[in-house]
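For reference, the chains in residue letters:
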Amino acid sequence: MGGSNQTPGHAPFVCAIAFVEFCIGIWAFVIADKDDKPFDYEMEEFGYFFGCLMVLGAAMNGFCVLMPQRVCWQGASGFAALKVIAFTCFVIRVLSDKKFKKVWGFLAVDILLVLLEAMLVKIALAEIEGLSYKLLVDSTSDKGGYGTAPPAAPTPVTAGEPWPPASPRQQPQQSQIHVAVHLPPGAAAVSGYGPVPLQQPLQTGHAAAW
């Protein structure tokens, strides 16, 4: 939905409802000051008010087809409820003042209006649900929602290491120094203490006294 998000199967029904509503609005303007059967009751100011309401509702329906947005469908549903409530209250007043056979036309229009607006509200609810689902899918696909890879965890740094770590070009290269030690004949190397002269073997005949 959204531009091309309108469900193709709903657009013809919404346009048909808008056309019928527009016709009812024009009818209300025409008979506002007439009292012919089966509309033997002058609508007067209410006729003009109701006619304007129907024309605005039809325009709202057409706008929903062209620009299907959540707020537009909510507005169309609100208009539908207002139209039904207003005209039903008027019909109840007419039936209480006149005989049914003289004003049954108003009741017929009211029944038609209720069916039209009920169908419109059903379509609006379906469109609102579709828009909500699309918004959820968009937010969970390419906008960081469910199903996307979590952000990479930062590399742990041990104590003593610089942060950020130095690049290979910036890291100092350790130089290795090789020391060659030449020992004199008869000396053995002792780690850390240098050469130690070898002990001469004991002369024969000189035994140590214990």
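Residues numbered from 1 in each chain as written. Predicted model: local features only at pLDDT ≥ 70, side-chain atom pairs only at ≥ 80, totals over all residues. Heavy atoms only, no water.

Trainee: Looking at this structure, how should I read the packing of helix α1 (residues 11–30) against helix α2 (residues 45–66)?
Mentor: Packed helix pairs are specified by the crossing angle of their axes together with the interaxial distance, meaning the distance between the axes. At a minimum axis separation of 8 Å, α1 and α2 run at an interaxial angle of 165 degrees. Here α1 is positioned roughly antiparallel relative to α2, judged by the angle of their axes. Seen along the crossing, α1 lies across α2 with a hand that is left-handed. Facing Ala 11, Val 14, Cys 15, Ile 17, Ala 18, Glu 21, Phe 22, Ile 24, Gly 25, Ala 28 and Phe 29 of α1, the residues of α2 in contact are Gly 47, Tyr 48, Phe 50, Gly 51, Cys 52, Met 54, Val 55, Gly 57, Ala 58, Asn 61 and Val 65. Residue classes in the contact of α1 with α2 are distributed as 16 nonpolar, five polar and one charged. (Axes fitted to C-alpha atoms, helices over the stretch in contact; angles between N-to-C directions. Helix = DSSP H or I, 4+ residues; strand = E, 2+ residues; numbered from the N terminus. Parallel < 35°, antiparallel > 145°, perpendicular 65-115°, else oblique. Left-handed = near helix turned anticlockwise from the far one by under 90°. Contact = heavy atoms within 4.5 Å. Nonpolar A, V, L, I, M, F, W, Y, C, P; charged D, E, K, R; others polar.)

Trainee: How should I be thinking about a nonpolar patch on the surface in this particular structure?
Mentor: The grouping of Phe 22, Ile 26 and Val 30 at the surface amounts to a nonpolar patch, some 250 Å² of accessible area in total. Position of Phe 22 relative to the elements: it lies in helix α1. On the basis of relative accessible area, Phe 22 is assigned to the partly exposed category, the value being 40%. (Patch = residues over 30% accessible without salt bridge, like charges linked within 9 Å, V, L, I, M, F, W, Y side chains within 5 Å. Areas by Shrake-Rupley, 256 points an atom, 1.4 Å probe, with all protein chains shown as cover. Salt bridge = Lys/Arg side-chain N within 4 Å of Asp/Glu carboxyl O. Buried < 20%, exposed > 50% of the residue type's maximum accessible area, 1.4 Å probe, protein only.)

Trainee: Help me understand the pattern of salt bridges, please; the structure alone is not making it clear to me.
Mentor: Where side chains of opposite charge bring their charged atoms close, a pairing between them can arise. Using the criterion set out here, one finds two salt bridges in the structure. The partner of Lys 83 in a salt bridge is Glu 21, and the shortest N-O contact between them spans 2.8 Å. Placement of Lys 83 in helix α3 (residues 70–97) and of Glu 21 in helix α1 is noted, with a sequence separation of 62 residues between them. Of the two residues, Lys 83 and Glu 21, neither departs from the other in class, the shared state being buried. Among the salt bridges present, the one from Lys 83 reaches Glu 117, with a minimum N-O distance of 3.5 Å. You can see Lys 83 sitting in helix α3 and its partner Glu 117 sitting in helix α4 (residues 100–141), a full 34 residues away along the chain. Summarising the burial analysis for this pair, Lys 83 and Glu 117 share the class buried.

Trainee: Sorry if this is basic, but what is going on with the nonpolar core here?
Mentor: The tendency in soluble globular proteins is for nonpolar side chains to be buried as a group. Counting 24 residues, the largest nonpolar core has Trp 27, Met 43, Phe 50, Phe 87, Phe 90 and Phe 106 as its most contacted members. At the level of elements, α1, α2, α3 and α4 are the ones that each hand at least two residues to this core. Sorting elements by how many residues they give to this core places α3 first, with seven residues. Residues contacting Phe 87, with those up to four places away along its chain left out, are Trp 27, Met 43, Phe 46, Phe 50, Phe 106, Val 109, Asp 110 and Leu 113. (Core = buried A, V, L, I, M, F, W, Y, C linked by side-chain atoms within 4.5 Å.)

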